[in-house]
Each structure stands twice: as C-alpha cells, then as structure tokens.
Amino acid sequence: MNTGIQAPPGIWWKPAHRSEKVWVGIAFAWCMVLFAMMPLWHLKGEQNPAGLRYKVDPQRYMERTQEFITAYQVGEDNGIPVVAPPPGSEVYLVGMMWRWTPVLKLQKGATYRLHLSSMDVNHGFSLYPINANFQVVPGYDYGLKVTPTETGDLRIVCNEFCGIGHHMMVGRVIVEDSAAAPAVPAAPANGGAE
Amino acid sequence: MTGLAEKTPGAVSRAVFRICPTTGLKVNSQADALIKAHAVVATVSLLVGGIAAIGVLLTRWQAVHLLPAEWFYRILTIHGMSMLIFFIIFFEMAVLYFASAVLLNSRVATPKLGWAAFGLMVLGAVMTEVEMWRGKADVLFTSYVPLRASPAYYLGIILFAVGALVTVCIFFGTLVVARREKTYRGSVPLVTFGAMTAAIIAVITLGHGAAIYIPTFLWSIGVIGNVDPEMYRMVWWALGHSSQQINVAAMVSIWYLLGALTVGAVVLNEKISRTAFVLYILFISMASAHHLLVDPGFGPAWKVWNTSYAMYLAVLASMVHGFTVPAGMEVGQRLRGFGKGLFEWLRKAPWGDPGFSSLVFSVVVFGFVGGITGVTFGTEQINIIAHNTLRIPGHFHATVVSGTAMAFMGLTYYVIPLIFRKQVAFWPLAKIQPYLFAIGMLVFSMAMTFAGTFGVPRRHWDISFTDAPFDVQFSPAVALLIGVMALGGLLAAAGGGIYILVTVWSVFFGKPLVAGAVTGVPQGISSPPRYLPETVKTIEDENRSAWGMAPGTMVLVFVFLAAFVTYYFVNWKLLAALWRIH
Ligand code: HEM
Ligand SMILES: [Cu+2]
Ligand SMILES: [Cu+2]
C-alpha cells in the first residue's frame, strides 16, 4: 500500500475492494435519482422554469408593455401604473434602473403569461414572500405561464446587482380572490394562455 | 534544516537541489523560490480580500450597516476578485510547482519563464486592484455586460490569466522533464495526478476566459459595438464555474497530500481515485449551466443535461473522493495501531496538528454543507427558490472557503517548515486557527443559507429597503439569522487574521527549523506517521469482511447520504408550495 505522495509501484489498475464498489454503486444510483427528478418534475410537477424564450428588441418590448398598460390600467401607485389584466392574458413586466413597471393585480387561480425583460442591464425578479426567482436579461423575453395559488400583497425585489440604486428597486404584485376582483372585460387570449 | 546542495550532471547542471530531511525528496531551489513567491502574493491577496470581507460583512449586518452603498458594491467587487481569483489562483500556482517539481524530485522546466509568468500575474492583479479601488469597476466580479468597467480592469484580468496559463504550461513541461530525466519510478503519485487534472481543467477554463474577456475588453474600448448579455453570462460562467472545478481538483489533491503527511493515509485503490479525477475533466465545460437555470436564454433540455454534468458524473466523482479520502486516513491510522472499534482512528487522531484539523474540516464542511447545498440548488427547478438569494453565497462559502481555502491553510502549516524551512510562529495560535476559521465559517454559511430561504437577496446593500417605493417586511427570523451570520463571519475573520499573522511572521521573522524541534512543527513532521508491522496483517484480515478496511468511514458516508437525501427532498417540498409556473 502506498500514500498519495508516493509513486505507485508496478501496475496499479487493480480490482477495488467490495466495500468501495458498494459505495460507488450507491453513489451512482443516487446520481441517477438526482438526474431523473428533473425530467420527472417537468412531467408531473407544477413549478418549472421553462416558459417561452426569445430575443426581443428592448424598444419593441417597451412598446408592448405600454400597450398592455394602456389596455388594462386601473390606477396608480407611487407614480407607477396599476394594471389588472384579465385571466389568460399576456402580462408584461419591465425592469429598468431602478424600478419595476407596472404594478400587477392578478386573480388567484387564474393563469397568465408573465413576460419579463429589461431595458438596460440584468435585473433579478424575486417574488417576495413566496421566494420565486428569475433572471431578467436585456434583449430577451422570458414568458412564464404563472398561476397564483394564494391571495396576498407581494413584492418584487431586484436581486441582481444593477447599479448604485439596486436596493431601491422594489415592485408590487397584488393577488386577489377572483370573486372580489372587479369584472374586467375578457380580452382575447393569445398564445400562451390555455 | 540544512539541505545539502547537489548538482545533477549534463545539460541541466545548473539546477541546484537540497534533500528534504523529512520526506527525503530532492527539492529544486528554483521550485523552492517560485513556491515562496506565489505563496507570499497569495497571502497578500487574502489580506486584501479579508479586509474587504469585514467591510462587506459589517454592511450586510443591518444593525451596523457600515459602508455607504457605493463603497459596499466596490468593496464587494474587491472581495470577490481578491479572494476567488487572486488568492486562490496564486496559491494554486504554488501547488502546481510543488506537485510537479517537488513531489517528482525534478527541476522546473523553464524557471525564467516561470518568473516572467509570475510577473505578468502580479502586474495584472495590481492593475485590476487599482481600477477597483479607484471606483472604475463597480461591476462586481462577474461584470455582467452591459455594466461597464474601465478597459484597464479587463486588461488586468487578461494579463493575469495569460500569466496563469503560462505557469500551467510550465507545470506540464516539468512533468515531461521529470519523466525524461527519470527522477521518479513508476506512475506519478496520485497527488501529482490530481494536480494534473486541475491543470488540464485550468487550460480549458482559461480558454473560456479569453473567449469572454477579450471581446469585453474590445467592447470597453469601443472596437466592438455590443456583447450579448446572455452570451456573456454563458461564456463568463464557463470560466467562472470551471475555475471552481480547478479548485475542487486542487483541493482533493491536497486532501490526499495532507492525509499522507499527517496520518500516513493510504490510497485504497489507485484506479478508483484516478478515474474519479478524470471524471472532473470530462464534464467541466457544462459547469456554466447551473448559473443559467432561471435564465431566458436556454431551454429545459439544455438546462437539465448540462446542470447535471451529464447525469451527475462529476458529483459521483466527489462522492467517491468523499469516501476514499477519509477511508485512506482511517486505514493509515489503523496501520499506525489505532484500530480498535469503529472510531478509535478518529479519537486518537492528531487533532493538535493544524494540518490535520484543517483537512478534516475541509472534507466535512465541503461535503456536508457545500456539496449537498450545491447539488440541491443546482437542480433545474429548485434553483427557482435559490437563485441570487443569500443561499448562494451561503453555499459557496462552504465550498471554496471552508473547503478549498481551509485546505490551503492546512497545507501552509506544512509548507512553512518543508519549503520555507522555518518553524511555525505563535504555535498555540496556529493550533486553534483551523477551529476558529472552520467553526466561524460553518456558522456563517449556514446562517446565510437559511436567511436565503426567506428570499433575502445576495449582493444587496439595504434589506430594510428604506429608499424603495414599497416596503418589504422580512420575518423577524431574518434579523436573527443575519446577526448569527455576522458573528460567525467575525469569528472566521479572526481565524483568517490569525492565519495571516502566523504565516507572515513565520516566513519573515520566524526561527529557522532545527532538528528535534517540537513546537512550531506539525506532528506529521516532528514524528512522521509510521505503520506498525503487526497491524498490516490485521488490516488484511479485516479486508476480507464485508465492511472492508475502513468500516468507520462506511458508517460516516451513510450518515452523509442520509443528510443529502433529506435536504434534497425537503427542497422539492418547499418548491411544491409555490405558484404554478411553467
Ligand atoms: C472571513 C472570511 C470571509 C467572510 C466574513 C466573507 C463574507 C462575505 C460576505 C458577507 C459576502 C457578501 C454576500 C452578498 O452580499 O452577496 C461575501 C461574498 C463573497 N465571498 Fe466571502 N467572505 C469570507 C471569505 C471568502 C473567501 C476566502 C472567499 C474565496 C476564496 C470568498 C469569496 C466570496 C465571493 C466570490 C463572494 C461573492 C461576491 C459577489 O457576490 O460578487 N469569501 N463574502
Ligand atoms: Cu434591478
Ligand atoms: Cu438590482
């Protein structure tokens, strides 16, 4: 037997002891479980970061967001428009130094296609307190199909460093019971909603 | 320790050697000097990064909130860069010289070029530091475009990387020289083999580094119009994470090295350990993916395949080393006569040898905290509840700090007598240093990880959100956890400070090593591990039993597996409570 700092003499390609093989076998099996869990969760699980993903010109994205705000704006909060999109609609959220626009009013149990993108640098979409986190990258549209499962007054904390005002970048999402929500005209759902 | 100078004949006659009285190795004077230079600069980097760490820590501790926002992000950039890049890589270059020239009794292939490369690395590091301290690079060490730093910042990193690449090539050159001049017999030792895998990974990594920093530099001086932010993230992390694979390979090599020096740890099976090292190389470029799991640039199939490094085969490699390293130590101890029951080998271990205690902490914290959290957070879906929260720095302070940096510290206690030929100064302090650092870091990183489960962001100046348009009320538990994190961090910082004091003092003002010295010399040197002849037979008897030669380790790895499985599935459970997201 030799230590790790001695050159092993002769042929060192020898069969391992059974105990060592057992551990390698168990470790390998566990690695397969680790691997299998991910595709499995895509099939059976309800939280997957897949979404629609494509490149987008930041100006085009901003225009879409403006159209979206104009269509469904219901008020203003801290100078930021409050928007109540109908279930099934395409929802646009934009991050820029250093705020999230608009404030969203969603309904519990309804499904939306939530688009995320940035006008300038990377930002981090972190939904507090449920702790769901996504990277917001300029030039890319991340369209996640989301279904709020509980009512609440939530915050969007920016958790990617985006310059000196990073710590001021907090947005808001309000989730209401569908019964309590004001009736809004249903818009024709396109694309993502189902 | 009077080394006797000796000349080798022929074309290489200018190479001067001394014989190390402890290990019997022939140490080349150029290797000696290069190791010293790199180790000294590594320690200086650690000092800079450590001072920055205290600034960052005391600012994130909301009760103190030391620095203004601008300086917080500046100091955080300095902390990341000085620690993760300069400290770690300078030290690794020293390890490469050690594992090639010293362990193989060889001269350095091209010492002059070695010094030039060292100079380039120092120049690059200084340039980058100057830009960061001047406030020309407040972009954090990831410098995600389109955040922009000054051209000199990127150029400094490029120079540093070129220097490192040349040093890695000299390492390979030295391996060739040693083989050609027949300075050793048989295959290279496992530790050298591990260092070799680290060096191969380094070449690939530095290639990715060139691929990202050169365009970014050109962009910063206006030659290139823009760099795609998502491409940047992908290629940058092919550098940023692959370099962590260098760290892991280097750290595991040091585990085998310290095991051998402190308790005569044996290599149970060369084939298994070496294959595990090779697994690290095969999958390294995929490492970028687990930083991009919740990014818009990539689809699920790409994410799942890459984040798992092709079905977790690199994780398998770490789990193998996680068994073979302690098992080798156990067998070494049993051969020395500490063979009663399952755990006498642990009870009778040289806990007062800082090289040994560092080794144990490095293995345990890296595995139990760093490894388990890393695999869990790197799961495609679980990353949704981890990305960019404090869970991430919590995780990597358990890997690269409690694992790699701790191993480096342990090795230093052997490098001081073996290479610098000095006694370790402030010996009683040196003995407790690993305990302070490891326990502090453990508390720090665990508190950080738990705070992160509440959604507390990383890289954030003010989690009281005083200036934000909407209030964010964290649970009271968060304030408590942040307080615990600060205490742990301060303890670790004290441990780090003692390390710097001890090493600097030993190297520059230390007493020369004398034969028979007992204080200031780790036990592995004052009384090197020796096997008892009669134990060899007993070990072979045990070898026939199902539990093998290392039954104690067998028990420990199953405890580890249980912790792993539990933490992993608890996180799926947490994830399942979220909104439905597809
Ligand atoms: C006493 C020792 C240390 C303390 C108290 C400490 C503390 C911290 C703290 C508080 C953060 C900031 C977390 C955040 O706001 O996101 C941080 C980040 C970091 N630390 Fe350490 N640290 C220590 C040692 C080290 C060492 C030895 C290394 C590397 C080898 C290291 C690497 C890093 C890196 C890479 C970051 C991330 C920087 C970033 O997000 O840009 N730290 N550390
Ligand atoms: Cu932001
Ligand atoms: Cu931000």
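What you are looking at is a predicted structure, and each value in this text was computed from that prediction instead of being measured.

Chemist: Outline the interface of chain A and chain B, supporting the account with residue identities and numerical values.
Modeler: Facing 89 residues of chain A, the contacting portion of chain B comprises 115 residues. Of the roughly 9,000 Å² buried between chain A and chain B, counting both surfaces, carbon and sulfur atoms make up 68%. A:Arg155 is the salt-bridge partner of B:Asp471, the closest N and O atoms lying 2.8 Å from each other. Our count for the chain A to chain B interface comes out at 34 residue pairs in polar contact (both at pLDDT 80 or more). Among the elements of the structure, helix H1 (18-44), strand E1 (52-55), strand E6 (103-107), strand E8 (123-128), strand E9 (132-136), strand E10 (140-147), strand E11 (152-158) and strand E12 (170-176) of chain A are those that each provide at least two residues to the side of chain A that touches chain B. In terms of residue class, the side of chain A that touches chain B is made up of 51 nonpolar, 24 polar and 14 charged. In this sheet, strand E4 (residues 580-581) of chain B lies alongside E10(A) in antiparallel orientation, the contact comprising two bridges. For A:Val146, the partnering residue across the bridge sits in E4(B) and is B:Ile581.

Chemist: Lay out the site of ligand 1 with the relevant residues and their values.
Modeler: All names here are of chain B. In the vicinity of ligand 1 lie 23 residues, with Arg60, His79, His397, Arg458 and Arg459 positioned nearest. Taking His79, its side chain carries an N or O atom lying 2.7 Å from a nitrogen atom of ligand 1. At a separation of 2.6 Å, an oxygen atom of ligand 1 approaches a polar backbone atom of Arg459. It is helix H2 (residues 69-102) that provides the largest number of residues to the shell around ligand 1, a total of six residues. Along the lines of polarity and charge, the residues of the shell around ligand 1 split into 17 nonpolar, three polar and three charged.

Chemist: Before we move on, could you go through the coordination of the copper ion (ligand 2) and cite the residues and values that matter?
Modeler: Metal coordination angles have textbook ideals: 109.5 degrees for a tetrahedral set of four donors and 90 or 180 degrees for an octahedral set of six. Residues and elements named next belong to chain A. Protein ligation of the copper ion (ligand 2) involves His123 (ND1), Cys158 (SG), Cys162 (SG) and Met169 (SD), the donor distances falling in the range 2.0 to 2.5 Å. Coordination at the copper ion (ligand 2) is tetrahedral, judged from the four donor atoms that bind it and the angles of 95 to 128° they form at the metal. Each donor residue of the copper ion (ligand 2) lies on the same chain, and together they follow the pattern H-x34-C-x3-C-x6-M. Between the two metals, the copper ion (ligand 2) and the copper ion (ligand 3), the spacing is 2.6 Å, and Cys158 donates to both. Separated by 46 residues along the polypeptide, His123 in strand E8 and Met169 in the loop between E11 and E12 bring together distant segments of the chain. The pair His123 / Met169 is uniform in exposure class, with both members buried.

Chemist: For the sheet that holds E6(A), give the residues involved together with the corresponding values.
Modeler: Residues and elements named next belong to chain A. Pairing is mixed across the open sheet formed by seven strands, whose spatial order is E2-E3-E6-E12-E11-E8-E9. This sheet does not close on itself; its edge strands, each paired only once, are strand E2 (73-77) and E9. Mean inter-strand twist for the sheet, computed between neighbouring axes without regard to direction, equals 25°. Of the pairings in the sheet, the one linking E8 to E9 comprises five bridges and is antiparallel in character. Bridge pairing links His123 to Val136 in E9.

Chemist: Account for the coordination of the copper ion (ligand 3), naming residues and giving values.
Modeler: Residues and elements named next belong to chain A. Distances from the copper ion (ligand 3) to its protein donors, Cys158 (SG), Glu160 (O), Cys162 (SG) and His166 (ND1), fall at 2.0 to 2.4 Å. Geometry at the copper ion (ligand 3) is tetrahedral, judged from its four donor atoms and the angles of 91 to 122° they form at the metal. Each donor residue of the copper ion (ligand 3) lies on one chain, and together they are spaced C-x1-E-x1-C-x3-H.

Chemist: Which residues make up the packing of aromatic side chains, and what values go with them?
Modeler: Residue and element names in this part refer to chain B. This structure, assessed with the given rule, holds 46 aromatic pairs over all chains. On the basis of an interplanar angle of 65° and a centroid distance of 5.0 Å, the ring pair of Phe86 and Phe160 is categorised as edge-to-face. Taken together, the residues span a long stretch of sequence, with Phe86 in helix H2 and Phe160 in helix H4 (residues 151-180) at a distance of 74 residues. Using a relative accessible area of 2% as the deciding quantity, one classes Phe86 as buried. Look at Phe298 and Trp302: their rings are 4.4 Å apart centre to centre, the planes differ by 20°, and that puts the pair in the stacked class. Phe298 sits in the buried class, given a relative accessible area of 11%. By relative accessible area, Trp302 is classed as partly exposed at 30%.

Chemist: I'd like a rundown of the nonpolar core, residues and numbers included.
Modeler: For soluble globular proteins, the rule of thumb is that nonpolar side chains tend to be buried together. Membership of the largest hydrophobic core comes to 259 residues, with the highest contact counts inside it found for A:Phe125 and A:Phe134. Element by element, the count of residues in this core is highest for H2(B), at 25 residues.

Chemist: Mind laying out the packing of helix H12 (residues 354-377) of chain B against helix H18 (residues 551-576) of chain B, listing which residues take part and the relevant values?
Modeler: All names here are of chain B. It is at 10 Å that the axes of H12 and H18 come closest, and there the two elements cross at 35°. As for how H12 packs across H18, the hand of that crossing is right-handed. Of H18, the residues touching H12 (which contributes Gly367, Phe368, Ile372, Thr373, Val375, Thr376 and Phe377) are Val559, Phe560, Ala563, Phe564, Tyr567, Tyr568 and Asn571. Broken down by class, the residue content of the contact of H12 with H18 amounts to ten nonpolar, four polar and no charged.

Chemist: Can you explain the side chain of B:His241? Please cite residues and give values.
Modeler: Residues and elements named next belong to chain B. For His241, the position within the fold is in the loop between helix H6 (229-240) and helix H7 (242-263). A relative accessible area of 13% places His241 in the buried class. Residues in contact with His241, not counting those within four places in the same chain, are Ala287, His290, His291 and Tyr309.

The rules we used
- Residues numbered from 1 in each chain as written.
- Chains lettered and ligands numbered in written order.
- Predicted model: local features only at pLDDT ≥ 70, side-chain atom pairs only at ≥ 80, totals over all residues.
- Heavy atoms only, no water.
- Contact = heavy atoms within 4.5 Å.
- Buried area = accessible area lost by both parts, 1.4 Å probe.
- Salt bridge = Lys/Arg side-chain N within 4 Å of Asp/Glu carboxyl O.
- Polar contact = N/O pair within 3.5 Å; in protein donor to acceptor, adjacent residues only side chain to side chain.
- Helix = DSSP H or I, 4+ residues; strand = E, 2+ residues; numbered from the N terminus.
- Nonpolar A, V, L, I, M, F, W, Y, C, P; charged D, E, K, R; others polar.
- Pairing = 2+ DSSP bridges.
- Near = heavy atom within 4 Å.
- Donors = N, O, S within 2.8 Å, 3.2 Å for Na, K, Ca; no water.
- Tetrahedral: all angles 85-135°; square planar, octahedral: opposite > 155°, others 65-115°.
- Buried < 20%, exposed > 50% of the residue type's maximum accessible area, 1.4 Å probe, protein only.
- Axes fitted to C-alpha atoms, helices over the stretch in contact; angles between N-to-C directions.
- Phe/Tyr/Trp six-rings, centres within 6.5 Å; stacked < 30°, edge-to-face > 60°.
- Core = buried A, V, L, I, M, F, W, Y, C linked by side-chain atoms within 4.5 Å.
- Left-handed = near helix turned anticlockwise from the far one by under 90°.

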